[in-house]
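Single-letter residue listing:
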Amino acid sequence: MVSVTLGDSKEEYHLLLDSAASNTWVMGDGCKSEACGTHNTFGSGDSSTLKTDSTSFSITYGTGSVSGTLGTDTLHISSLTPTLTLGLATNVTSEFNAYPMDGILGLGLGPSTSSLTSFLDALSSQNIPRVFGIHLSRSSTTSSSSNSADGELNLGAPNPARYDSNLTYTPTVPNSAGFWEISLEDAGAYTSSSSSSSSSSSSPSLKLAGRTAILDTGTSFLLAPAADASALHSLIPNAAPASSGGETYTVPCDSSTVLWLQIGGMRWNISTADYVGKAVSGGMCASNIIARQTFGDKQWLIGDVFLKNVYAVFDREEGRVGFG
């Protein structure tokens with residue numbers, strides 16, 4: 001999440017950074033849904049500069065949906081102050097009861113419409129390039145020694161201090177949904193007998209063809225069509241379906257198998273700290289890789305399980321994504 005203020009309100013709003021959504025919204029002060037009662041809401045009583053509009057909006061996500069009307073005001077994010085037409089949600093489904101954010105900041109590729117402003121377009125209006133870099137920190141509850149509350153969003157340009165050497169770029173795949181979608185060339189694993197070097201050819205791979213990856217900072221997991229998810233788990237010793245015909249798998253809590261995705265000719269690791277989830281029983285943990293076809297049968301939805309392992313740069317100006 002990122003902290004912002006709106007208009008001349010002094011209230012701080014926590015917005016989920018969502019690269020798979022192009023619309024921005026906050027919970028409105030007219031919201032009667034249960035979730036709004038436990039979050040900060042925004043309305044005319046909070047900012048004298050807010051201009052409201054009776055035009056309606058409605059957004060459905062993979063889990064949950066919101067609807068309401070529109071409002072236009074200044075969004076204060078760090079030192080930047082773009083003007084944004086955003087949604088003021090008056091109906092929020094029960095899924096948001098468990099979510100800590102007050103709304104969503106849409107970082108998707110979708111352009112501004114007649115109703116809602118694209119955040120990236122709003123940056124452009126302030127002469128800021130439509131580029132953002134993001135580093136996601138790991139939860140302090142994981143076993144990784146690299147835990148620290150050092151997550152960072154960079155607007156307008158990447159932060160070279162966050163990555164080694166040069167970024168490796170790959171072009172985006174055109175789509176009508178505003179997704180940051182790129183080619184996924186292969187996936188595989190490094191076992192205890194294979195090197196974890198990006199140039200290693202001895203590690204087993206899935207020999208994928210024709211796959212793409214939708215990059216989603218707003219998704220905790222990695223979701224792949226069932227056959228691909230099954231094949232990927234087969235590379236992890238003792239991994240098994242959690243239930244017959246289900247979407248979930250278990251993996252050994254002490255797994256040492258490092259997974260990798262090949263993008264832009266490079267292999268990018270997925271650490272055990274990220275794909276090994278909560279303990280289940282008998283030394284087994286839930287896998288954070290889910291067997292679910294979210295869109296097409298060759299599309300993977302790649303969330304924070306992968307993105308915590310790289311510094312990612314989303315460049316709308318050049319139509320590309322870079323990893324370091």
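Here's what I pulled together on the structure shown here. Keep in mind that what you see is a predicted model, and the values were worked out from it rather than measured.

## Some thoughts on the nonpolar core
Alright, step 1. L261, W300, F306 and F323 are the most contacted members of the largest nonpolar core, which totals 64 residues.
Alright, step 2. Each of domain 1 (2-125) and domain 2 (161-323) gives at least three residues to this core.
Alright, step 3. The residues contacting F306, other than those within four sequence positions of it, are L261, I263, W268, N269, I270 and F323.
Alright, step 4. Grouped together as the second largest cluster of nonpolar side chains are 18 residues, C31, A35, L70 and I104 included.

## Digging into the packing of aromatic side chains
Two measures describe an aromatic ring pair: the distance that separates the ring centres and the angle between the ring planes.
Alright, step 1. Counting across every chain of the model gives 11 aromatic pairs.
Alright, step 2. Through a chain of ring-to-ring contacts, three or more aromatic side chains come together here, namely W25, F96 and Y99.
Alright, step 3. Here R267 stacks its cationic end above the ring of W260, 3.9 Å away from the centre of that ring.

## Section: the sheet that holds strand β19 (residues 276-281)
Alright, step 1. On the basis of which strands lie adjacent, the open sheet formed by four strands has the order β15-β16-β20-β19 and antiparallel pairing. Whereas interior strands pair on both sides, the edge strands pair on one side only; in this sheet they are β15 (240-241) and β19.
Alright, step 2. Two elements, strand β16 (residues 249-252) and strand β20 (residues 284-287), share three bridges in a ladder whose sense is antiparallel. Bridged to P252 within β20 is M284.

How each quantity is defined
Residues numbered from 1 in each chain as written. Predicted model: local features only at pLDDT ≥ 70, side-chain atom pairs only at ≥ 80, totals over all residues. Heavy atoms only, no water. Core = buried A, V, L, I, M, F, W, Y, C linked by side-chain atoms within 4.5 Å. Buried < 20%, exposed > 50% of the residue type's maximum accessible area, 1.4 Å probe, protein only. Domains from an automatic or database assignment. Contact = heavy atoms within 4.5 Å. Phe/Tyr/Trp six-rings, centres within 6.5 Å; stacked < 30°, edge-to-face > 60°. Lys NZ or Arg CZ within 6 Å of the ring centre and 35° of its normal. Pairing = 2+ DSSP bridges. Helix = DSSP H or I, 4+ residues; strand = E, 2+ residues; numbered from the N terminus.

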